[in-house]
Structures are given as C-alpha cells and as structure tokens.
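Tertiary structure, described
The chain contents come next:
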Amino acid sequence: MAGDKLCLAIDASGKLNAVSADDVKHFAEAGIRVLADSEIGPPHNADMFGRYAGDARVALAPTSTAQVSQVLSYCNERQIGVVVQGGNTGVPGGALCQRGEVLLCLSDMKKVRHVDPVAGVLVADAGCVLADLDDHVQQLGYIMPLDLGSRRRCMIGGNVSTSAGGLRYLRYGSMHGNVLGVEAVLPDGRILDALFTLKKDTSGYDVKQLFIGAEGTLGVVTAVAIALAPKPQATQLAVLGLGAFDKIEQAFVRARQGLGEILSAFEFWDRRCDEIVVESMHYPSLLKSAHEFYVLIETRGSLMRHDAEKMSAFLDALHADGLVDESCVLSAPDAMDAAWMFRSNMAAAHARRGCMYVYDFSLPSQHKPSLLGAVKGHLSSLGLYGAADSPVLDVTIFGHIGDDNIHLQVIAREFGGAVEAAIEPWIYSWVGSHGGSVAAEHGLGAHKGQFLKYSKSAAVIDTMKDLKRLLDPRGIMNPGKHICQA
Amino acid sequence: MSSLRILVGVKRVIDSAVKVRVNSAQTGVETANVKHSMNPFDEIAVEEALRLREKHGADTVKEIVVLSCGPAKAQETLRTALAMGADRSIHVKTDDALEPLSVAKLLTKVVGADKPDHVLLGKHAIVDDAHQTGQMLAGLLNWPQATFASKVDVNGRTLEVVREVDGGLETVSAALPAIVTTVMRLIEPRYASLPNIMKAKKKPLTTVTPADLGVEIRSRLQTLKVVEPPKRQGGKVLASVDELLDKLRNEAKVL
C-alpha cells in the first residue's frame, strides 16, 4: 500500500519455511518431476573443489518454463526458499542448498529452440550444456562466444546467471554484450519474456541485464538468446617462458599491437602452477625448460598464412628484445588440445594437491605484480607459510591476464582455522584498496557477498538491495547468499 | 573406352601456411606440434583423378586408389583423399625416414600387385622439394612419364598431357600405363564436405609394411646441417658509378 515502507530485511532466510513433505506432494501432483533421494548426491551438494557443502533434501527437475513458473508461484506463496542449479560448476558455491530450500535443477530443460544461421543467433533452454551448444552451432559455421574449463558440465543458464568470463573473453567479450535476450521467471511466478534476438535495441531499460550475473537471486533464467561468433578457419597457439612478471605485461602490449585482431586468448601462470599441474595431473610441461612465468597465446583468424606470418614476426621481436627465454608455436590440433588441457585443468590440479582457497580478482596493471608477494609475505609473517611443515602448502597465481583477471590460490592442509582467518577478509581489503574487484568472473556465491563493500560503494550496494527488494520482496531466491550478505 | 584404375600417391607434410623453424640441433625443421596436411601437389593429383572420372564417367575410370608411405599419421591424409572422392586407400606403414628411391621402390611393388593403369603423383613434396619419386618410379617400372603436367586427358589407352617447360607449354602423348606428376596450375582441389568426411570413414584402408612388399628401406643420404637462409638486407641507393664499381669489387666481390 502506498505509504507503507517495504521493510523486509534483505536477508529473509530467517523468515522462510523449510520445504516439507506436503510441498513435495503438491509438486508431484502438479506433474513436476521430483528427484528421488537416491538421485540427489555430490553433484548437487558439493562444489567442484570441495570447499562448500550443500544439503538439498528436495530437488525438482521441471521440463518447461510453465512448470518453473508454477514452482516459484507456490514457493513465493508459501515463503519457501529456492536455489537454482545448472551444472553446479560455480566456484564460490552459489548453487548449493544451505538453508532448507528447494533445489530447482534445470538439467531437463535442454532444447535448442532456434538458430538463425545468417544473423548468427542461438536461442536455447537454460539447461543446455555449453559444449553441446558449441558442437551444435559448429555445424553451421559458428562457435559459442565463451569457453570455460567446465564446458562439458556447465549450462548456459548458469553461464548467464554468473556472467561467466572464461578463456576467450579477450576476444568475444562479456555475457553482458553477447546475451541478446533472456526468458526468466520472476520470484512471484510471472514469466518475463525478454527473449529478443536482434543485436540493436535501445528501447527502455535493458531489463535482461539484471539477470546476467544475478546468480539466481532475482528469478530463474529459463532461456537465453545469444549472439554467436564465427567459427575460426585458422587457429594457432604460442607458449612463452618468461623471467619476470613485468615481461608478461610487455608481451601483452606487443601481442595486442602485433597480433591485433587475431588475438583470442592471453593466459598466464607461474612456475609453481606449472609444477603442480605436472605433479597432480601428470601432463607434461609445455616448454623444455622451467621458467618463472608462462604465457599461452591463442590467435584465431580466417587465413592461416596471414596468422602464421604475424605470429612469427611477433615471436622474433620478443626474442630479439630479450622478453622471452623460450617459446614454441603449436598448430597441430592435438598439440593445441593438449596445451588447453594443461591450462584448463590448473584449478583442478591445485584442488588435488590440498585444500584450495581460490580467489578471483581484477587488478589494475600497476598492482598486479605485487599481489603474490603481498600474500606470501602476509602468510609468512603469521607463521603460516614458508616452512616445510607450514599449514599453507602453496600460494600461486594464474589467469586471464589479458582481462586483468588473476586467480590466486592458497593451498592449505585443511579448510578453516587460522589459515582462513588469516586470508579473509585481509585479501579482499588488500584488493579493494588497490582498486580491484573482489570477484572478477566467479561471482559472489555462498559467502563473498560480505566482502562486496571492499570494491563497491555503499550507494551502489544500496541500489542493488533496492532492486532485490523490488523483484523478490519475500526473499525466496537463493536466500542468505550474494547481496543478502552485503 | 577401356576402363582404367588410377593410383594416386599422397604424402603428409607440414602445412604450407606454417612458418617453419630450424630445430635447435640444426638437423632439420621443427615438426613437432605444427600443423600437417596433404602435400599441395598431391591434392592436385587427387583432384586430377577425380576430374578424369567426372569427365569420362565411372565406366572409364573405374577405381581411384590413393596410397601413402609413412607413419601412422599418414592415415589422416589418406582419409582426406577418401573424403574428396577416392574409393580406397593403401597405407604403407613405416616409421623409417623415406627417401624418394625407397618410396619409388615401394610404389613399384604396389603397382606390381595392384596393376593400375595410370599413376598420378605430385611433382614434389614441399618438405624436401626432391622432384624425384615420379621419375624414379617410371625408371623402375619402365613406364612412360609425363612430368610437370598442368593438364591431363585420356583417350582410350593414350594419355594426352600438357607439360610446363621453360619455353612454355609442351603437349605430349603417352601410352598407358604411364606416370604423370602434377604442378599447381589451373585446377582447385575440392574441399571435403562433412557428409563426405563421414562417408570416408567407411571406405577401405589397407595397411601393409615394407617387409610385406619385400622392400628394404635404406637411407643413402645423410643431412649434415640445416640452417635458415641469411636475412634479406635492405637495398642501398648509390651516389655514383665509381661507388658502384667499388662496392661490386670490394663488398660483393664479383669483379
């Protein structure tokens, strides 16, 4: 009513009702598939790196947008929490049930609705797996505009809801640019059809943008319209071995100038990352000698001869100016696959080594070189790192350096305790004070919302909360996570 | 018209678009991890065979067989040829280094067993630029050879070939069976479409070894060193004839 203040606390988790057997009966009678207890397991209740745990008791697998609408209407009415899950490959545990919510699995909504081969637009259900979509559009001469290590498991709805970055962000840009339209179900059950498929549309507020990166807190994304990228005719990789961090940045500037429009990926990792992948995954290192830093560059274009010429000139100049100590060019398909496997499995390799704390930061150029030293110094000064029996086994960095995005890994002997207390919130504060983002591409998930203040101002956070209250007044969507912690 | 069986030799080589680099031991070029594909002249040879069949019909050209000598990966190249339209393939499998004479000897044995009427080869492989295999094969089989062919046609049991020679174009005729080696002109090899690539997987691929053929592979050449050519220097503008003479005498040392 006008004049009443909408004063529901942003975190409604204390006020919600846990899902009950009666609710399950209702869903079943409505024709919505309820997963049997035996079907709910680690893929639903654990994140990929084992740091977070969920305990979903009731999981639903709707097959249509209409069914999703029924579920949300009911849950909104009964004030039951809902957690949406796709492939559950999110790093910070955003898709885990932790407060007695209903788990809404979209894996049965996997139809490709439409592909426009001239415009290069795909419309697909949210439960379509990224690799399957890529295979599908490749037959028409296109590729998906994003690629992640988890491509065989992650779903496009989740990619949209986490505004996934990935390995080719440098070339194809962000989900905010590639997503042309979204079909979503709002928390009260209303179906929001914003599935526009044309690239240019400046008419009113761009509502779909709210859902990109919302991590399931504003509604359920049920379908996506996405702009595709043309399938490259010529691909090649170069691997560089360098002696210092600043050489990576110099190499990147030269790559942008010399390789220009064909540059499609620029990744880096440090010496210890290389050793960990070799030890944990038994993949061979990509270069003959060991180096302080490694860079993986990919180019994609339409004429191999042109691209090979550019790469050759680029590498010759790097060697002549002493920026790289070793390099190799890979153009055979299996060699390129092996190199990407090496890079894509870096996080998994770390998780095998021990208990991995993974952080995902964007940092401005001038501060990137000091991150690793600062973390090692901080942990050493607390006696947690540096000796053979220290609680922290390794501190490493790798990532999409071309996007200013660094993943920091701290591998501990166990989760929790002094190590966790030493890193958080210290690391977020450090990143925030150095002008970075506390979550470049992984999102806020289960517990990073509380650190949002280190990189976003109070006014920005308040506006986010206003939007949350507006669309989800009862706070049923992914309660207790994300902006609810800010 | 009598019916013909055509044998086409193909070789897996470093892709022509790759910028090759000499390996650190200076014994050859880096082959690991670089893209390989069918020797471009062999693509022309396959395409020539396919066009002969398209022109004269399947009654005249009753079978196109492709052959490659080399390690396991040579099969990729054979599959490409099958996807372009060849009927079956023979892989002479060996990991040994193959010089043109060895290949010619292997081909001689295959020709003896398979009895094709016409052998098409690329004029050289872009790996070593030898230009020898076709000619050696003709010698071993005592067959006529028409090399550097830019146009091939068949009339009954006679081949009519237009050859590229220094003075221009020369037209020769040869009685079948004969060897032809192809240049790069005039025809574009076709791309294998996705359905044809799928169909190619079902076409026959027979593997034999040099031992099966009774051929001993021997290397008679030893590569001493491989280096990159010297970098091209920029040109200079000279001020006078005297300067030119001085440079020709003292720098270029040609006077």
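Residue numbers run consecutively from 1 along every chain, following the written order of its sequence. A letter from A marks each chain and a number from 1 marks each ligand, given out in the order of writing. Local features in this predicted model are restricted to residues whose pLDDT is 70 or higher, and side-chain atom pairs enter the listing and the counts only when it is 80 or higher, whereas totals over whole chains, interfaces and linings include all residues. Hydrogens and waters are ignored; side-chain quantities use all the structure's heavy atoms.

Here is the rule: UniProt positions are given in the numbering used here, feature names are shortened, and annotations may be inferred rather than shown by experiment.
As named in an unreviewed UniProt entry, chain B is Probable electron transfer flavoprotein subunit beta, taken from Coemansia biformis. Quoted verbatim from the Sequence similarities (unreviewed entry) heading of the UniProt record, the comment on chain B is "Belongs to the ETF beta-subunit/FixA family." Under Subunit (unreviewed entry), UniProt gives the following word-for-word description of chain B: "Heterodimer of an alpha and a beta subunit."

Going by what an unreviewed UniProt entry lists, chain A is known as D-lactate ferricytochrome c oxidoreductase and is assigned to Coemansia biformis. The Catalytic activity (unreviewed entry) comment attached to chain A in UniProt states, word for word, "(R)-lactate + 2 Fe(III)-[cytochrome c] = 2 Fe(II)-[cytochrome c] + pyruvate + 2 H(+)". Taken from UniProt, the Cofactor (unreviewed entry) comment for chain A reads in full: "FAD".

1. Brief notes about the overall build of chain A
The following threshold applies: Runs of E in the DSSP output that reach at least two residues are strands. Runs of H or I that reach at least four are helices, and both are numbered from the N terminus. Taken over C-alpha atoms, the radius of gyration is set against a globule rule of 2.2 Å times the number of residues to the power 0.38. Under the scheme applied here, a residue whose accessible area is under 20% of the maximum for its type counts as buried, over 50% as exposed, and between as partly exposed, the area being computed with a 1.4 Å probe on protein chains only. In what follows, a contact means two residues having at least one pair of non-hydrogen atoms within 4.5 Å. The charged-residue count follows a simple rule in which Lys and Arg add positive charge and Asp and Glu add negative charge, with His and chain termini not counted at all. Charge positions are represented by NZ for Lys, CZ for Arg, CG for Asp and CD for Glu.
When helices and strands are tallied, chain A shows 17 helices and 18 strands. The C-alpha atoms of chain A give a radius of gyration of 23 Å, which matches the 23 Å a tight globule of 486 residues would have. On the principal axes, the C-alpha backbone points of chain A span a range of 70 × 60 × 45 Å. Going through the 486 residues of chain A one by one, you find that 55% of them count as buried. For chain A, restricting intrachain contacts to residue pairs at least 6 apart in sequence, the fraction spanning at least 24 positions comes to 73%. Computed over 44 positive and 54 negative side-chain charges, the separation of the two mean positions in chain A equals 2 Å.

2. Topic: helix α4 (residues 130-138) of chain A
All names here are of chain A. Let me state the cut-off plainly: Regarding the arc, it is the one traced by the directions from the helix axis to the C-beta atoms.
Regarding α4, the residues found buried are Leu-130, Ala-131, Leu-133, Asp-134 and Val-137. Seen end-on, α4 carries its buried residues on one side only, within an arc spanning 160°. Taken together, the buried residues of α4 touch β5 (112-116), β6 (121-125), β7 (142-143) and α5 (156-161).

3. Focus on a nonpolar patch on the surface
Short version of the rule: In this scheme, patches are assembled from residues that exceed 30% relative accessible area and form no salt bridge. Like charges are connected within 9 Å, while nonpolar side chains (Val, Leu, Ile, Met, Phe, Trp, Tyr) are connected within 5 Å. Surface exposure here means Shrake-Rupley accessible area, sampled with a 1.4 Å probe, where a residue is shielded only by the protein chains that are shown. When a carboxyl oxygen of Asp or Glu lies within 4 Å of a side-chain nitrogen of Lys or Arg, that pair is called a salt bridge.
Taken together, the side chains of Tyr205(A), Val207(A), Leu210(A), Leu467(A) and Leu470(A) present a nonpolar region at the surface, about 520 Å² in accessible area. Of the residues examined, Tyr205(A) reaches a relative accessible area of 80% and is grouped as exposed.

4. Some thoughts on the sheet that holds strand β5 (residues 88-93) of chain B
Residues and elements named next belong to chain B. For the record, the criterion: Strand pairing is defined by DSSP finding a minimum of two bridges between the two strands. Whenever a helix is involved, its axis is fitted only over the stretch in contact; in every case the axis is a line through C-alpha atoms, and angles between N-to-C directions fall within 0 to 180 degrees.
Overall, mixed pairing links the nine strands, which are arranged β9-β8-β7-β10-β6-β1-β4-β5-β11 in an open sheet. Edge strands, defined here as strands with exactly one partner in the open sheet, are β9 (168-175) and β11 (205-208). Going across the sheet, the axis of each strand differs from the next one's by a mean of 30°, ignoring polarity. Summarising the sheet, strand β4 (residues 61-70) and β5 pair through six bridges and their orientation is parallel. Bridging from a neighbouring strand, Ser-68 pairs with His-91 of β5. Against the sheet, helix α1 (residues 40-56) makes contact with β1 (4-9), β4, β6 (118-122), β7 (145-155) and β10 (178-182), and its axis sits at roughly 15° relative to β7, the strand it touches most.

5. Observations concerning the interface of chain B and chain A
The cut-off we apply is this: When two components associate, each loses some accessible surface as probed by a 1.4 Å sphere; the sum of these losses over both components is called the buried area. Here a polar contact is recorded for every N or O atom pair within 3.5 Å, except that within protein the pair must consist of a potential hydrogen donor and a potential acceptor, and residues adjacent in sequence are included only if both atoms are side-chain atoms. Each residue is assigned to one of three groups, with Ala, Val, Leu, Ile, Met, Phe, Trp, Tyr, Cys and Pro labelled nonpolar, Asp, Glu, Lys and Arg labelled charged, and all others, Gly among them, labelled polar.
Chain B puts ten residues into the contact, and the matching count from chain A is 14 residues. Of the roughly 1100 Å² buried between chain B and chain A, counting both surfaces, carbon and sulfur atoms make up 48%. Of all residues in chain B, Lys19(B), Arg21(B) and Asn33(B) give up the largest surface area on contact with chain A, accounting jointly for 48% of the area buried on that side. At the boundary of chain B and chain A, one finds three salt bridges. Here Glu309(A) and Lys19(B) are joined by a salt bridge, their closest N and O atoms 3.4 Å apart. Put simply, chain B and chain A have eight residue pairs in polar contact (both at pLDDT 80 or more) between them. Taken together, the residues of the side of chain B that touches chain A break down into three nonpolar, two polar and five charged.

6. Quick word on the sheet that holds strand β15 (residues 326-330) of chain A
Residue and element names in this part refer to chain A. Spatially, the seven strands line up as an open sheet ordered β15-β12-β14-β13-β17-β18-β16, and their pairing is antiparallel. Here the strands that pair on one side only, and so sit at the sheet edges, are β15 and β16 (355-362). Direction aside, the axes of adjacent strands within the sheet are offset by 15° on average. Note: strand β13 (residues 263-270) against strand β17 (residues 392-399), two bridges, orientation antiparallel.

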